[in-house]
Amino acid sequence: MPAMPVVSVAHMDKTVQAVVLGTGCLVASAAALKYYLNERTPKGCAKVRGSGWLGVLGALPEMWKCILKYEAHSELVKYHEDFGNTLDFDFGILQLFLAPMIITRDPQNVKFMLKTKFENFEKGETFHAIGHDVLGDGIFNVDGESWFKQRKTASQMFTANRFKQHIWRVVEKNCNKVISILAEKQEPVIDMFNLLNRFTLDSIGEIGFGADIGSLENPVSPFLKSFDEAQRILFKRFVLPGWRAFRLFGLGPEAETRQHMTALRSYSRRIVEDLADALEKPAGDSFVGLFMKNEPGLHPEFLADLVLNFLIAGRDTTAQALSWCLFQVMQHPEVEERILEEVDRVSFGKSLTYDQLSQLSYTEAVLREALRLYPSVPLDSKFVTEAMTLPDGTWVPRGSMVIYNSYAMGRSKQIWGEDAAEFRPERWLNAEPKDPYEYPVFHAGPRECLGKRLAMVEMKTVLAELLRHASFRLAVPRDQVLPDTAATLGMSSGLKCHYEMRL
Ligand code: HEM
């Protein structure tokens, strides 16, 4: 057999050399890319892909469509029903630029994230960058030592004594203002979502930093609009590749970023200045006042970060939970009747006192049930610091974003049984306390919500007093009340109600 001729690149003419080298480079790059993508692809769970020609961008166009139609949460529930408890979202060619995204509703995975491997599931750089415009270096946006120190200081706010004295006084006063507004206005239709947000904003303003925000008296404030818009902008960044470029040039969803962020910053700086002037007065009896007293010399920008963190923590979540609760109560007269009967029995037909709140077990069950179906933080994300396998067998690469889906967990038949979709507060009565990893509406583990007790005090008081003083009826068809597209579960449509005073 004749020997095969040996051809070396050196003997080829220049054009052939270029073609061979070019092809070699292409093949090597394709192999490296495939290896890189494979290393960055989660394994062992269902994959959600895109379809049609837009499928080159994976599931992202479909996600944006749902977000813009305010259907993101209900669509995700369907994905879980159709494909499984843990989902990996394919982003097609954008996979090169975006962190892998895994969404889970499996309680074992949630426990692993929030407790067992707490150190390895952090907010991380990506979250920090996305949230920095609003949250800065505040408690929601940091990990490690900075988080730990802030948590330690802030938790001093929630002593039994402070609840009984300072916090209850603020809640009771602002609740009375809400009732007076209803009694005075008697308009045919009122947006209760708006009114409840003003209640929680003024309450956290006073509890958090001794400020009289006055939104119950004056609802028209440009700050309030910027506050909402800023949060919508942040949420969209999670699914907007290259959001930094959009922000830089003020394009698309980032067109109004500068305007809203400037409004928020100047507002929170003003609060810090006022607080510094009034530190010797009751302002010291507040979250931000505690920080100023414990660590004199903190940078004013950091204190402004704290103001915005506590405003977001304290206003939105609680007003949203209360609004969704009222939305359900309006559709369940038998629930309303049981609340009224309980409140009347406990308070002897008078205004509630702080000590009586703990006896409102049915009212509390109603609020828990509302939070099950409408968790104020519907999706909560963390980034993994190293590759690992979740308890359900899903392998996640380092740097992946793992999200637990509280909204889908609240509607899961595996967790709540066949009637998971029904609003039935009775399921909470005489039941074993629910595992916090099956019901993580207040988060769980070392970063559990610090304001859980405050939220319950506010919500029980307001729900009980509202129903004692007035009866409400939805002023729009129920399917026109839509969840908002933001990090927390607001109502994009508001909550328009008819009402009549009882007392
Ligand atoms: C119904 C009302 C509320 C719900 C459902 C709720 C839920 C949550 C959730 C899910 C988290 C974890 C968020 C994350 O991963 O970063 C959280 C954290 C937190 N919440 Fe709440 N929250 C509520 C009310 C409040 C209130 C009234 C305050 C008042 C100050 C508050 C203060 C905080 C703080 C400071 C954190 C951060 C804890 C940490 O990172 O260590 N929350 N909350």
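Look up a bit, the structure's there.
This text gives an overview of the structure that appears in the document.

Rules used throughout
- Residues numbered from 1 in each chain as written.
- Predicted model: local features only at pLDDT ≥ 70, side-chain atom pairs only at ≥ 80, totals over all residues.
- Heavy atoms only, no water.
- Helix = DSSP H or I, 4+ residues; strand = E, 2+ residues; numbered from the N terminus.
- Rg over C-alpha atoms; globule rule 2.2 N^0.38 Å.
- Buried < 20%, exposed > 50% of the residue type's maximum accessible area, 1.4 Å probe, protein only.
- Contact = heavy atoms within 4.5 Å.
- Lys, Arg positive; Asp, Glu negative; His and termini not counted.
- Charge placed at Lys NZ, Arg CZ, Asp CG, Glu CD.
- Pairing = 2+ DSSP bridges.
- Axes fitted to C-alpha atoms, helices over the stretch in contact; angles between N-to-C directions.
- Near = heavy atom within 4 Å.
- Polar contact = N/O pair within 3.5 Å; in protein donor to acceptor, adjacent residues only side chain to side chain.
- Nonpolar A, V, L, I, M, F, W, Y, C, P; charged D, E, K, R; others polar.
- 1 Å grid on protein atoms, 1.4 Å probe; cavity = no way out; pocket = protein on both sides within 12 Å on 5 of 7 lines; lining within 4 Å.
- Points joined across faces, edges and corners; volume = space filled by probe spheres on them.
- Donors = N, O, S within 2.8 Å, 3.2 Å for Na, K, Ca; no water.
- Parallel < 35°, antiparallel > 145°, perpendicular 65-115°, else oblique.

Some details on the overall build of the protein chain
Then step 1. From N to C terminus, the protein chain includes 18 helices and 11 strands.
Then step 2. Its C-alpha radius of gyration of 26 Å places the protein chain within 12% of the 23 Å reference for a compact globule of 503 residues.
Then step 3. Seen through its C-alpha atoms, the protein chain measures out along the principal axes to roughly 110 × 55 × 40 Å.
Then step 4. Across the 503 residues of the protein chain, 52% fall into the buried class.
Then step 5. Residue pairs at least 24 apart in sequence account for 73% of intrachain contacts in the protein chain once pairs closer than 6 positions are excluded.
Then step 6. Of the charged side chains in the protein chain, 58 are positive and 63 negative, and the gap between their average positions amounts to 2 Å.

Section: the sheet that holds strand β9 (residues 401-405)
Then step 1. As summarised here, the arrangement of the six strands in space is β1-β2-β3-β9-β6-β4, forming an open sheet in which the pairing is mixed. Every interior strand has two partners, whereas the edge strands, β1 (46-48) and β4 (121-122), have only one.
Then step 2. Here strand β6 (residues 379-384) runs beside β9; their pairing, made up of five bridges, is antiparallel. Residue pairing for β9: S381 is matched across the bridge by I403.
Then step 3. Against the sheet, helix α4 (residues 107-116) contacts β2 (86-89), β3 (101-104), β4, β6 and β9, and its axis sits at roughly 125° relative to β9.

Observations regarding the site of the ligand
Then step 1. Close contacts around the ligand come from 28 residues, with K123, W147, R151, D380 and C449 the closest.
Then step 2. Within the contact set of the ligand, an oxygen atom lies 2.8 Å away from a side-chain nitrogen or oxygen of D380.
Then step 3. For the ligand, an oxygen atom lies 2.9 Å from a polar atom in the side chain of R447.
Then step 4. At the level of secondary structure, the elements contributing two or more residues to the shell around the ligand comprise α6 (144-155), α13 (300-330), β6 and α18 (452-469).
Then step 5. Its residues assigned to classes, the shell around the ligand shows 17 nonpolar, six polar and five charged.

Details of the layout of surface pockets
Then step 1. Within this model, the largest pocket holds a volume of roughly 520 Å³.
Then step 2. Residue assignment for the lining of the largest pocket shows that the elements contributing at least two residues are α8 (192-209), α9 (222-237) and α13.
Then step 3. No other element matches the six residues that α9 contributes to the lining of the largest pocket.
Then step 4. When its residues are assigned to classes, the lining of the largest pocket shows six nonpolar, 10 polar and nine charged.

Describing the sheet that holds strand β10 (residues 470-474)
Adjacent strands of a sheet pair through backbone hydrogen bonds, lying either parallel or antiparallel.
Then step 1. Strands sit in the order β5-β11-β10 across an open sheet of three strands; the sheet is antiparallel. Looking along the sheet, the strands with just one partner apiece sit at the ends: β5 (190-191) and β10.
Then step 2. Sheet strands in contact with α18 are β10 and β11 (496-501), and its direction is about 95° off that of β10.

Things to note about empty space enclosed by the protein
Then step 1. Evaluation of the coordinates by the stated rule reveals four cavities of 30 Å³ or more.
Then step 2. The calculated volume of the second largest cavity comes to roughly 60 Å³.
Then step 3. Breaking the lining of the second largest cavity down by element, the ones donating at least two residues are α7 (160-185) and α18.
Then step 4. Here the element with the most residues in the lining of the second largest cavity is α7; it accounts for four residues.
Then step 5. Looking at the lining of the second largest cavity, its residues break down into three nonpolar, three polar and two charged.

Quick word on the coordination of the iron atom of the ligand
Then step 1. Coordination of the iron atom of the ligand by the protein involves just one donor, C449 (SG), at a distance of 2.3 Å.
Then step 2. Within the secondary structure, C449 is located in the loop between α17 (413-416) and α18.

Digging into unusual backbone geometry
Then step 1. A positive phi angle, near 55°, is found at F348, a position not held by glycine.
Then step 2. Counting through the fold element by element, F348 comes out in the loop between α14 (333-347) and α15 (361-373).
Then step 3. One non-glycine residue with positive phi stands out, namely H443, at about 60°.
Then step 4. In this fold, H443 is placed in the loop between α17 and α18.
Then step 5. For H443, a relative accessible area of 11% corresponds to the buried category.

Observations regarding the packing of α9 against α13
Then step 1. Interaxial distance between α9 and α13 falls to 12 Å at its minimum, and their mutual angle equals 90°. Judged by the angle between their axes, α9 and α13 are roughly perpendicular. From α9, F223, L224, F227, D228 and Q231 reach across to α13, where they touch L308, L311, I312, R315 and D316.
Then step 2. Partitioning the contact of α9 with α13 into residue classes produces six nonpolar, one polar and three charged.

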